[in-house]
Amino acid sequence: MAENLSIVVWAKKGCSYCNEVKEYLTAEKQDFKVVDVTDHDEFRDILDIKYGVRHVPVVEIGHNDTYQAVTEVGIEHLQKALQEADLAVH
């Protein structure tokens, strides 16, 4: 997978799906940043404006200032997005 990708995980404390995403990215040796929306409704407002969702996890995958978001729950959606992003980089 591409090392040039920028990955941001929007998550909250106690979210098992969020932990699953972070564990997967760590196992895949992907660097990522976390935006913790716990007790920050204004961060959920940002997700609503950007992607029309207020739930987490949301994973933003970017390259060259262009980002796509994975808003569907399930590692298979993240895997597919990472593969597509890796192909776009190469």
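Our subject is the structure that appears above.
All of these numbers come straight from a predicted model, not from anything done at the bench.

Draft legend 1. View of the sheet that holds strand β4 (residues 66-70). Here four strands make up an open sheet; going across it, the order is β2-β1-β3-β4 and the pairing mixed. Looking along the sheet, the strands with just one partner apiece sit at the ends: β2 (33-36) and β4. Strand-to-strand twist across the sheet, computed as the mean angle between neighbouring axes with direction ignored, equals 20°. Alignment of strand β1 (residues 6-11) against strand β3 (residues 58-63), held across five bridges, turns out to be antiparallel.

Draft legend 2. Fine view of the pattern of salt bridges. Considering all chains together, one arrives at three salt bridges under this definition. Between lysine 13 and aspartate 36 there is a salt bridge whose closest N-O contact spans 3.9 Å. Taken as a pair, lysine 13 in the loop between β1 and α1 (16-27) and aspartate 36 in strand β2 lie far apart in primary sequence, 23 residues in all. A residue is classified by how much of its surface remains accessible, and lysine 13, at 63% relative accessible area, is exposed. Here lysine 50 and glutamate 60 are joined by a salt bridge, their closest N and O atoms 2.7 Å apart. Of the two residues, lysine 50 sits in helix α2 (residues 41-51) while glutamate 60 sits in strand β3, which places them ten residues apart along the sequence. Owing to a relative accessible area of 5%, glutamate 60 belongs among the buried residues under this scheme.

Each value, and the rule that gives it
Residues numbered from 1 in each chain as written. Predicted model: local features only at pLDDT ≥ 70, side-chain atom pairs only at ≥ 80, totals over all residues. Heavy atoms only, no water. Pairing = 2+ DSSP bridges. Helix = DSSP H or I, 4+ residues; strand = E, 2+ residues; numbered from the N terminus. Axes fitted to C-alpha atoms, helices over the stretch in contact; angles between N-to-C directions. Salt bridge = Lys/Arg side-chain N within 4 Å of Asp/Glu carboxyl O. Buried < 20%, exposed > 50% of the residue type's maximum accessible area, 1.4 Å probe, protein only.

So far we have only geometry, and geometry alone does not tell us how the molecule works.
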